[in-house]
Amino acid sequence: MAEESDLEKTESATPRRLQKAREEGQIVRSRELSTFALLAAGFFGVGGMSGSIGEHLQGMLRAAFTFDHASAFETRRMLIGAGAASREGLAALLPILAVTGAAALLAPMALGGWQLSAKGLEPKFDRLNPIAGLGKIFSINGPIQLVMSLAKTLVVGVIGGTAIWNRREEILALATQPLHLALANTVHLIAVCCGMTVAGMFVVAAMDVPYQLWQFHKKLRMSKEEVKREHRESEGDPHVKGRIRQQQRAIARRRMMTQVPKADVVVTNPTHFAVALQYTDGEMRAPKVVAKGVNLVAARIRELAAENNVPLLEAPPLARALYHNVELNREIPGQLYGAVAEVLAWVYQLRRFKTDGGDVPVAPTELDVPAELDKGGVSDEEADQEAADTLNPANDNGASA
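Attention here is on the structure that accompanies the text. (Residues numbered from 1 in each chain as written. Predicted model: local features only at pLDDT ≥ 70, side-chain atom pairs only at ≥ 80, totals over all residues. Heavy atoms only, no water.)

1. Some words on the nonpolar core
Move 1: Core analysis: the biggest nonpolar cluster contains 27 residues, and L277, L318, L322 and L336 have the highest contact counts within it.
Move 2: Among the elements that make up this core, the one with the highest residue count is helix α14 (residues 337–356) (7 residues).
Move 3: Apart from the residues lying within four places of it in its own chain, the contact partners of L277 are A263, D264, V265, V267, K288, V289, L322, I332 and V340.
Move 4: With 15 residues, the next largest nonpolar core counts A263, A291, I301 and A305 among its residues. (Core = buried A, V, L, I, M, F, W, Y, C linked by side-chain atoms within 4.5 Å. Buried < 20%, exposed > 50% of the residue type's maximum accessible area, 1.4 Å probe, protein only. Helix = DSSP H or I, 4+ residues; strand = E, 2+ residues; numbered from the N terminus. Contact = heavy atoms within 4.5 Å.)

Structure follows, in structure tokens:
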């Protein structure tokens with residue numbers, strides 16, 4: 001299948017596509033934002049710690065320019081002095097390095113966050129393709145990057161040059177000032193120039209960040225077919241899911257059929273419905289439905305009941321009420337206690353007749369079933385589901401289990 005063109009990719013990237021791109025090391029990055037963060041950290045670091053930096057630099061320069069006749073002719077003392085000057089310089093710059101280092105680590109968190117991915121380090125030899133490289137150069141991204149670089153250079157250069165030019169007299173006056181005053185003024189001038197440069201970089205970063213976000217999401221856009229394909233892969237093919245549901249129903253029916261021989265009675269209507277009831281005194285609060293079905297499933301329940309000498313009672317209103325209002329393996333509602341109690345009393349009388357003999361118990365016919373619980377016959381949805389299950393080969397296996 002040919003690759004879809006960019007014109008066909010009109011849909012936003014799905015969460016799964018974004019996660020996959022992140023795992024491959026593709027995240028939003030803005031070099032201008034990182035540059036702005038570094039300059040801002042340096043600016044505030046110099047401004048906030050100018051006093052400490054000036055003291056360290058002043059001590060370093062004082063030690064460096066103090067003439068010691070003995071150390072001038074002894075190499076060992078010269079090395080000791082150089083080491084001391086280095087430590088002073090490091091002590092002066094260490095706070096700035098710490099601040100800028102933290103900014104370099106935290107700046108990526110503003111957009112894409114940190115991402116450590118081994119896939120990003122894998123060699124990709126297709127990047128060495130000169131034709132693809134020329135395509136990137138002459139794509140729309142190339143001119144935009146060029147414009148952004150020129151704009152950054154122009155903004156920073158103009159602002160920095162203007163700051164230096166406006167303070168040229170102060171810079172030249174540093175040579176005539178005492179050492180401690182010259183150092184303090186130098187740090188102040190550096191802070192001012194950095195602040196103006198940071199302001200310029202803020203403008204550049206404010207333009208680059210939206211562009212990088214747009215470019216990243218544009219690159220990950222998907223076609224409608226890709227979205228549908230991903231949905232099928234993540235949610236599953238509808239036909240496969242339907243087949244799985246049919247298999248699950250078949251397994252549930254097989255399990256249900258194994259409970260019919262253990263039932264106390266099967267209530268029928270007698271054609272469409274069959275509901276098997278079970279009650280164990282002292283273990284159950286009320287009788288519960290252990291099996292139920294319509295049409296062919298109902299017929300199979302009746303067959304199993306007959307094979308295992310489970311009493312069958314024709315009570316259409318009660319059968320319909322039990323089927324429609326009681327879930328499998330759930331106790332019957334309180335409105336049906338009276339009717340089911342009459343049925344179970346008849347079952348116990350039937351058992352006593354089989355063991356002790358006597359008069360044949362009369363099956364109850366006038367059962368008290370609330371009209372609101374008797375929902376009538378089989379709905380079209382139930383009939384369609386029954387037909388679909390019957391056509392499923394797994395159901396045949398379940399029926400014969």
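2. What about helix α12 (residues 295–307)?
Move 1: Its 13 residues place the ends of α12 19 Å apart at the C-alpha level, agreeing with the 18 Å of an ideal helix rising 1.5 Å per residue.
Move 2: N309 sits one or two positions beyond α12 and adopts a positive phi of about 60°. (Expected span 1.5 Å × (residues − 1).)

3. With respect to the packing of aromatic side chains
Move 1: This model, assessed by the stated rule, comprises 3 aromatic pairs.
Move 2: An angle of 35° between the planes, with centres 6.1 Å apart, marks the rings of Y211 and W214 as tilted. Taken together, the positions of Y211 and W214, both in helix α9 (residues 179–219) and 3 residues apart, correspond to about one turn of that helix.
Move 3: The ring of W165 is capped by R168, whose NZ or CZ atom sits 4.1 Å from the centre of that ring.
Move 4: Over the face of the ring belonging to Y323 we find K292, whose NZ or CZ atom lies 5.0 Å from the ring centre. (Phe/Tyr/Trp six-rings, centres within 6.5 Å; stacked < 30°, edge-to-face > 60°. Lys NZ or Arg CZ within 6 Å of the ring centre and 35° of its normal.)

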